[in-house]
Amino acid sequence: MFDIALNMILKILGFTTFIFIVKMFISLLFKKVNYKLIIAATLITSPIYFYIIFAHENLFGRISFYTIFLLVFTLSLFEYNIYLKRLFIMYSGLRIALFVFVSNVLAYGVSELLITYLFQT
């Protein structure tokens, strides 16, 4: 029982770190995005996403592609609300939405490919 929980925690920490690194590389295109803001948004949203993915996989099996797609867009809306308060001074809402959409699709898309092809059970 402890091994399963430790394995899930390590997976979540690893993928959260991966998401943060990908978002930091994408934020280089948007020069005024503070890395502390990306850390905060990633630490709030990423563990929730991966907990849902890994818990559902352990309990019921793999989630369908469309459900993952909806999860990523739900997290994008949540992150947009986090970024909007801090970045609206420097960027328009469209540019913030573009940053959130591109970073989430790339980061979570690559992580889902890693989960699908490396962690198949």
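Just so we're clear, the structure is a prediction, and the values are computed from it rather than from any experiment. (Residues numbered from 1 in each chain as written. Predicted model: local features only at pLDDT ≥ 70, side-chain atom pairs only at ≥ 80, totals over all residues. Heavy atoms only, no water.)

Asks: I'm lost on helix 4 (residues 93-118) in this one. Help?
Replies: One turn of an α-helix holds 3.6 residues; hence residues three or four places apart share an orientation. When the terminal C-alpha atoms of helix 4 are compared, their 36 Å separation across 26 residues agrees well with the 38 Å that a helix rising 1.5 Å per residue should span. Where helix 4 is concerned, the buried positions are Gly93, Ile96, Phe99, Val100, Ser103, Asn104, Ala107, Tyr108, Ser111, Glu112 and Ile115. If you follow the buried residues of helix 4, they end up packed against helix 1 (2-27), helix 2 (35-59) and helix 3 (65-87). (Helix = DSSP H or I, 4+ residues; strand = E, 2+ residues; numbered from the N terminus. Expected span 1.5 Å × (residues − 1). Buried < 20%, exposed > 50% of the residue type's maximum accessible area, 1.4 Å probe, protein only. Contact = heavy atoms within 4.5 Å.)

Asks: I keep staring at the side chain of Ser76 and nothing clicks. Help me out?
Replies: Secondary-structure assignment places Ser76 in helix 3. Look past the residues within four positions of Ser76 in its chain and what remains in contact with it is Val100 and Asn104.

Asks: What is the right way to look at the packing of helix 2 against helix 4 in this model?
Replies: For any two helices packed against each other, the geometry is given by the interaxial angle and the distance between the axes. Orientation of helix 2 relative to helix 4, taken along the N-to-C sense of each, is 35°, at an axis distance of 13 Å. Viewed along their axes, helix 2 and helix 4 form a crossing whose handedness is right-handed. Where helix 2 approaches helix 4, its residues Ile38, Thr45, Ser46, Tyr49, Phe50, Ile53, Phe54 and Glu57 are matched on the opposing element by Phe99, Tyr108, Ser111, Glu112 and Ile115. Broken down by class, the residue content of the contact of helix 2 with helix 4 amounts to eight nonpolar, three polar and two charged. (Axes fitted to C-alpha atoms, helices over the stretch in contact; angles between N-to-C directions. Left-handed = near helix turned anticlockwise from the far one by under 90°. Nonpolar A, V, L, I, M, F, W, Y, C, P; charged D, E, K, R; others polar.)

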